[in-house]
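Examination of the molecular architecture
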Amino acid sequence: MNLSCIIVDDEPLAVRLLESFVAKTPGLTLMASFTDPVEAVNAVKENRPDLLFLDIQMPDINGMELAHVIPEETRVIFTTAFKEYAFESYEVSALDFLLKPIRYNKFVAAVEKARMWFERTHETIVENSRDYETRNEETIFLKVDGEYQQVSLSNVLYVSGMKDYVMFYLDDKRQLAVEQGKASRPLVTHLTMKAVEEMLPQDKFMRVNRSYIVALDKIRKVDRNDCIYIGGEIIHVTDAYLDKFLEYLKSRCPGC
(Lines give C-alpha, C1' and ligand atoms only; values in the text may rest on other atoms or scores of the structure.)
Protein backbone atom coordinates (compact mmCIF):
# COMPACT_ATOMS: atom_id res chain seq x y z
CA MET A 1 0.00 0.00 0.00
CA ASN A 2 1.39 3.40 -1.01
CA LEU A 3 0.94 6.24 1.50
CA SER A 4 1.09 9.97 0.76
CA CYS A 5 2.53 12.36 3.33
CA ILE A 6 3.21 16.00 4.23
CA ILE A 7 5.99 17.24 6.54
CA VAL A 8 5.48 20.22 8.88
CA ASP A 9 8.39 21.45 11.02
CA ASP A 10 9.65 24.99 11.61
CA GLU A 11 13.28 23.77 11.57
CA PRO A 12 14.61 23.51 7.97
CA LEU A 13 17.23 20.94 8.97
CA ALA A 14 14.56 18.71 10.49
CA VAL A 15 12.47 19.03 7.32
CA ARG A 16 15.41 18.05 5.12
CA LEU A 17 16.16 15.02 7.30
CA LEU A 18 12.57 13.79 7.07
CA GLU A 19 12.53 14.45 3.32
CA SER A 20 15.61 12.24 2.94
CA PHE A 21 13.92 9.52 5.02
CA VAL A 22 10.78 9.66 2.88
CA ALA A 23 12.83 9.55 -0.34
CA LYS A 24 14.47 6.25 0.57
CA THR A 25 11.37 4.59 2.05
CA PRO A 26 9.45 2.46 -0.48
CA GLY A 27 5.70 3.04 -0.66
CA LEU A 28 5.87 6.56 0.79
CA THR A 29 5.21 9.61 -1.40
CA LEU A 30 5.96 13.18 -0.27
CA MET A 31 3.30 15.67 -1.35
CA ALA A 32 4.80 18.80 0.26
CA SER A 33 6.93 20.15 3.11
CA PHE A 34 6.34 23.27 5.23
CA THR A 35 8.26 25.25 7.82
CA ASP A 36 5.25 27.55 8.35
CA PRO A 37 2.43 25.70 10.15
CA VAL A 38 -0.16 28.30 9.11
CA GLU A 39 0.56 27.66 5.43
CA ALA A 40 0.49 23.94 6.11
CA VAL A 41 -3.08 23.94 7.43
CA ASN A 42 -4.72 24.78 4.09
CA ALA A 43 -2.40 22.43 2.18
CA VAL A 44 -3.29 19.52 4.43
CA LYS A 45 -7.01 20.25 4.15
CA GLU A 46 -6.77 20.56 0.36
CA ASN A 47 -4.47 17.60 -0.38
CA ARG A 48 -5.66 15.26 2.40
CA PRO A 49 -2.49 13.18 2.75
CA ASP A 50 -2.56 9.81 4.45
CA LEU A 51 0.19 10.82 6.89
CA LEU A 52 1.30 14.07 8.47
CA PHE A 53 4.78 14.20 10.01
CA LEU A 54 4.20 17.01 12.46
CA ASP A 55 6.43 18.91 14.88
CA ILE A 56 4.76 20.13 18.08
CA GLN A 57 6.55 23.27 19.26
CA MET A 58 6.12 25.80 16.42
CA PRO A 59 5.24 29.50 16.21
CA ASP A 60 1.70 30.83 15.61
CA ILE A 61 0.05 27.39 15.81
CA ASN A 62 1.58 24.40 17.54
CA GLY A 63 1.34 20.82 16.36
CA MET A 64 -1.35 19.81 18.86
CA GLU A 65 -3.59 22.66 17.70
CA LEU A 66 -2.96 21.83 14.06
CA ALA A 67 -3.78 18.15 14.64
CA HIS A 68 -7.29 19.14 15.76
CA VAL A 69 -8.19 20.84 12.46
CA ILE A 70 -6.87 18.40 9.86
CA PRO A 71 -9.14 16.03 7.88
CA GLU A 72 -10.14 12.98 9.90
CA GLU A 73 -8.68 10.56 7.34
CA THR A 74 -5.18 12.08 7.76
CA ARG A 75 -3.20 10.35 10.49
CA VAL A 76 -0.49 12.11 12.49
CA ILE A 77 3.02 10.99 13.39
CA PHE A 78 4.48 13.57 15.76
CA THR A 79 8.17 14.50 15.51
CA THR A 80 9.48 16.44 18.49
CA ALA A 81 12.40 16.89 20.87
CA PHE A 82 10.10 17.01 23.90
CA LYS A 83 9.04 13.60 25.22
CA GLU A 84 6.59 15.16 27.71
CA TYR A 85 4.13 15.56 24.82
CA ALA A 86 3.93 11.81 24.25
CA PHE A 87 0.80 11.21 26.33
CA GLU A 88 -1.03 14.24 24.94
CA SER A 89 -0.29 13.10 21.38
CA TYR A 90 -2.56 10.08 21.72
CA GLU A 91 -5.49 12.30 22.66
CA VAL A 92 -5.55 13.47 19.02
CA SER A 93 -5.33 9.89 17.67
CA ALA A 94 -1.69 10.13 16.67
CA LEU A 95 -0.36 6.90 15.20
CA ASP A 96 3.13 7.35 16.62
CA PHE A 97 5.51 9.70 18.41
CA LEU A 98 9.09 10.08 17.15
CA LEU A 99 11.58 11.69 19.51
CA LYS A 100 14.31 13.88 17.98
CA PRO A 101 17.00 13.22 16.92
CA ILE A 102 15.07 10.75 14.80
CA ARG A 103 16.83 7.59 13.64
CA TYR A 104 15.88 6.08 10.30
CA ASN A 105 14.98 2.69 11.82
CA LYS A 106 12.50 4.40 14.16
CA PHE A 107 11.07 6.33 11.22
CA VAL A 108 10.58 3.13 9.20
CA ALA A 109 8.92 1.42 12.17
CA ALA A 110 6.45 4.30 12.48
CA VAL A 111 5.66 4.16 8.74
CA GLU A 112 5.05 0.40 8.94
CA LYS A 113 2.77 0.93 11.91
CA ALA A 114 0.84 3.47 9.85
CA ARG A 115 0.69 1.13 6.87
CA MET A 116 -0.76 -1.64 9.05
CA TRP A 117 -3.37 0.80 10.42
CA PHE A 118 -4.48 1.81 6.92
CA GLU A 119 -4.55 -1.80 5.73
CA ARG A 120 -6.72 -2.86 8.69
CA THR A 121 -9.06 0.07 8.10
CA HIS A 122 -9.30 -0.79 4.40
CA GLU A 123 -10.07 -4.42 5.20
CA THR A 124 -12.82 -3.36 7.58
CA ILE A 125 -14.37 -1.14 4.92
CA VAL A 126 -14.26 -3.98 2.40
CA GLU A 127 -15.83 -6.39 4.89
CA ASN A 128 -18.62 -3.97 5.75
CA SER A 129 -19.19 -3.05 2.11
CA ARG A 130 -19.07 -6.58 0.63
CA ASP A 131 -21.96 -7.30 -1.72
CA TYR A 132 -23.23 -3.75 -1.17
CA GLU A 133 -21.78 -1.96 -4.18
CA THR A 134 -25.09 -1.81 -6.04
CA ARG A 135 -26.72 -0.04 -3.07
CA ASN A 136 -29.73 -2.34 -3.51
CA GLU A 137 -29.17 -4.22 -0.27
CA GLU A 138 -31.29 -3.22 2.71
CA THR A 139 -28.80 -4.45 5.32
CA ILE A 140 -25.12 -4.09 6.17
CA PHE A 141 -22.79 -6.09 8.41
CA LEU A 142 -20.91 -4.33 11.21
CA LYS A 143 -17.97 -5.87 13.02
CA VAL A 144 -18.72 -5.36 16.72
CA ASP A 145 -16.56 -6.93 19.44
CA GLY A 146 -15.12 -9.40 16.96
CA GLU A 147 -18.52 -10.53 15.67
CA TYR A 148 -20.45 -9.56 12.54
CA GLN A 149 -23.88 -8.12 13.21
CA GLN A 150 -26.37 -7.60 10.41
CA VAL A 151 -28.10 -4.23 10.63
CA SER A 152 -31.12 -3.11 8.68
CA LEU A 153 -30.65 0.32 7.14
CA SER A 154 -34.25 1.16 7.96
CA ASN A 155 -33.37 0.68 11.63
CA VAL A 156 -30.50 3.20 11.68
CA LEU A 157 -31.34 6.56 13.25
CA TYR A 158 -27.95 8.23 13.02
CA VAL A 159 -24.23 7.55 13.14
CA SER A 160 -21.79 9.36 15.41
CA GLY A 161 -17.99 9.44 15.05
CA MET A 162 -15.40 9.38 17.82
CA LYS A 163 -11.71 9.20 16.83
CA ASP A 164 -11.18 5.86 15.03
CA TYR A 165 -14.62 4.48 15.88
CA VAL A 166 -18.20 5.12 14.82
CA MET A 167 -21.38 4.44 16.75
CA PHE A 168 -24.57 3.28 15.03
CA TYR A 169 -27.70 4.31 16.93
CA LEU A 170 -30.63 2.04 16.11
CA ASP A 171 -34.33 2.85 16.35
CA ASP A 172 -35.41 -0.42 17.96
CA LYS A 173 -32.70 -0.17 20.63
CA ARG A 174 -33.78 3.38 21.42
CA GLN A 175 -37.43 2.40 21.78
CA LEU A 176 -36.53 -0.53 24.03
CA ALA A 177 -34.31 1.71 26.15
CA VAL A 178 -37.15 4.23 26.53
CA GLU A 179 -39.50 1.49 27.69
CA GLN A 180 -36.95 0.27 30.23
CA GLY A 181 -35.98 3.77 31.33
CA LYS A 182 -32.38 3.27 30.28
CA ALA A 183 -29.97 5.04 27.94
CA SER A 184 -29.77 3.62 24.42
CA ARG A 185 -26.46 1.88 23.66
CA PRO A 186 -25.10 2.10 20.12
CA LEU A 187 -23.22 -0.50 18.08
CA VAL A 188 -19.55 0.52 18.08
CA THR A 189 -17.27 -0.48 15.20
CA HIS A 190 -13.76 0.43 14.03
CA LEU A 191 -14.33 2.75 11.06
CA THR A 192 -13.93 6.38 10.05
CA MET A 193 -16.84 8.70 9.35
CA LYS A 194 -15.62 9.11 5.78
CA ALA A 195 -15.80 5.33 5.23
CA VAL A 196 -19.34 5.17 6.64
CA GLU A 197 -20.40 8.16 4.54
CA GLU A 198 -19.21 6.37 1.39
CA MET A 199 -20.81 3.08 2.43
CA LEU A 200 -24.33 4.36 3.17
CA PRO A 201 -26.73 5.23 0.30
CA GLN A 202 -26.69 9.00 -0.23
CA ASP A 203 -30.39 9.19 -0.99
CA LYS A 204 -31.18 7.90 2.53
CA PHE A 205 -28.36 9.27 4.69
CA MET A 206 -26.60 12.62 4.90
CA ARG A 207 -23.66 13.93 6.84
CA VAL A 208 -24.68 17.09 8.70
CA ASN A 209 -21.51 17.89 10.62
CA ARG A 210 -18.04 16.50 11.25
CA SER A 211 -19.33 13.93 13.76
CA TYR A 212 -22.84 12.96 12.61
CA ILE A 213 -24.61 11.22 9.71
CA VAL A 214 -28.40 11.08 9.95
CA ALA A 215 -31.09 8.90 8.39
CA LEU A 216 -33.13 11.42 6.42
CA ASP A 217 -36.45 9.61 6.85
CA LYS A 218 -36.03 9.55 10.64
CA ILE A 219 -35.85 13.35 11.06
CA ARG A 220 -38.80 14.58 13.12
CA LYS A 221 -38.23 18.30 12.65
CA VAL A 222 -35.64 20.97 11.89
CA ASP A 223 -35.78 24.17 13.94
CA ARG A 224 -34.86 27.73 12.95
CA ASN A 225 -31.34 27.25 14.31
CA ASP A 226 -30.69 24.42 11.83
CA CYS A 227 -30.92 21.79 14.54
CA ILE A 228 -32.23 18.33 13.62
CA TYR A 229 -34.50 16.46 16.04
CA ILE A 230 -34.02 12.75 15.54
CA GLY A 231 -34.74 10.00 18.05
CA GLY A 232 -33.86 11.52 21.40
CA GLU A 233 -31.01 13.59 19.99
CA ILE A 234 -30.68 17.19 18.77
CA ILE A 235 -27.97 17.51 16.11
CA HIS A 236 -26.77 20.83 14.72
CA VAL A 237 -26.15 21.17 10.97
CA THR A 238 -22.85 23.06 10.65
CA ASP A 239 -22.05 25.58 7.92
CA ALA A 240 -19.90 23.19 5.88
CA TYR A 241 -22.90 20.88 5.33
CA LEU A 242 -25.78 23.35 5.53
CA ASP A 243 -26.24 24.21 1.83
CA LYS A 244 -26.61 20.58 0.81
CA PHE A 245 -29.00 19.88 3.67
CA LEU A 246 -31.18 22.92 2.92
CA GLU A 247 -31.31 21.86 -0.73
CA TYR A 248 -32.61 18.46 0.39
CA LEU A 249 -35.25 20.10 2.62
CA LYS A 250 -36.51 22.30 -0.20
CA SER A 251 -36.78 19.29 -2.51
CA ARG A 252 -39.00 17.58 0.07
CA CYS A 253 -41.08 20.62 1.03
CA PRO A 254 -43.87 21.49 -1.43
CA GLY A 255 -44.28 25.23 -1.83
CA CYS A 256 -41.11 26.09 0.10
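What comes next is a walk through the structure.

Rules and cut-offs
Residues numbered from 1 in each chain as written. Predicted model: local features only at pLDDT ≥ 70, side-chain atom pairs only at ≥ 80, totals over all residues. Heavy atoms only, no water. Helix = DSSP H or I, 4+ residues; strand = E, 2+ residues; numbered from the N terminus. Buried < 20%, exposed > 50% of the residue type's maximum accessible area, 1.4 Å probe, protein only. Salt bridge = Lys/Arg side-chain N within 4 Å of Asp/Glu carboxyl O. Pairing = 2+ DSSP bridges. Axes fitted to C-alpha atoms, helices over the stretch in contact; angles between N-to-C directions. Expected span 1.5 Å × (residues − 1). Contact = heavy atoms within 4.5 Å. Polar contact = N/O pair within 3.5 Å; in protein donor to acceptor, adjacent residues only side chain to side chain.

1. Topic: the overall build of the protein chain
- Within the protein chain one finds 8 helices and 15 strands.
- The burial tally for the protein chain puts 46% of its 256 residues in the buried class.

2. Some thoughts on the pattern of salt bridges
- Enumeration according to the criterion identifies 11 salt bridges in this entry.
- Here Arg48 makes a salt bridge to Glu73, at a shortest N to O gap of 2.7 Å. In this pair, Arg48 is assigned in the loop between helix H2 (37-47) and strand E3 (51-54) and Glu73 in the loop between helix H3 (63-67) and strand E4 (75-80), connecting sequence segments 25 residues apart.
- By relative accessible area, which is 43% here, Arg48 ends up partly exposed.

3. As for the sheet that holds strand E13 (residues 219-222)
- On the basis of which strands lie adjacent, the open sheet formed by 3 strands has the order E13-E14-E15 and antiparallel pairing. Edge positions in the open sheet fall to E13 and strand E15 (233-236), since each of these has one partner strand only. When the angles between neighbouring strand axes are averaged without regard to direction, this sheet yields 25°.
- Bridge analysis of strand E14 (residues 227-230) against E15 gives 4 bridges, and the strand direction is antiparallel.

4. Overview of the environment of Leu246
- Residue placement: Leu246 occurs in helix H8 (residues 239-251).
- With relative accessibility at 31%, the residue Leu246 sits in the partly exposed group.
- Put simply, Leu246 and Asp226 are 20 residues apart on the chain and 9.1 Å apart in space, counted from C-alpha to C-alpha.

5. Some words on H8
- Taking 1.5 Å of rise per residue, the 13 residues of H8 would be expected to cover 18 Å, and the 19 Å separating its terminal C-alpha atoms lies within 8% of that figure.
- By the burial criterion, the buried members of H8 are Leu242, Phe245 and Tyr248.
- Elements in contact with the buried residues of H8: strand E11 (205-209), E13 and E14.

6. Section: the sheet that holds E4
- Taken in spatial order, the 5 strands of this open sheet run E2-E1-E3-E4-E5, and their pairing is parallel. The open sheet has two free edges, formed respectively by strand E2 (28-34) and strand E5 (96-99), since each of these has just one partner strand. Taken over all neighbouring pairs, the strand axes of this sheet differ in orientation by 20° on average, direction set aside.
- Of the pairings in the sheet, the one linking E3 to E4 comprises 4 bridges and is parallel in character. Residue pairing in the sheet places Leu52 in a bridge with Val76 of E4.

7. A few points about the pairing of strand E7 (residues 147-152)
- Where strand E6 (residues 139-144) lies against E7, 6 bridges are found, and the strand directions are antiparallel. Residue pairing for E7: Phe141 is matched across the bridge by Gln150.
- Here E6 folds back onto E7 in antiparallel fashion, the turn holding 2 residues, of which Asp145 has a positive phi close to 55°.

8. Structural notes on the side chain of Asn209
- Structurally, Asn209 is set in strand E11.
- From its side chain, Asn209 meets the backbone oxygen of His236 in a polar contact 2.9 Å long.

9. Comments concerning the pairing of E14
- Burial along E14 is two-sided: Cys227 and Tyr229 facing one way and Ile228 and Ile230 facing the other are all buried.
- In this structure, E13 lies alongside E14, joined through 3 bridges in antiparallel fashion. Bridged to Ile219 within E14 is Ile230.

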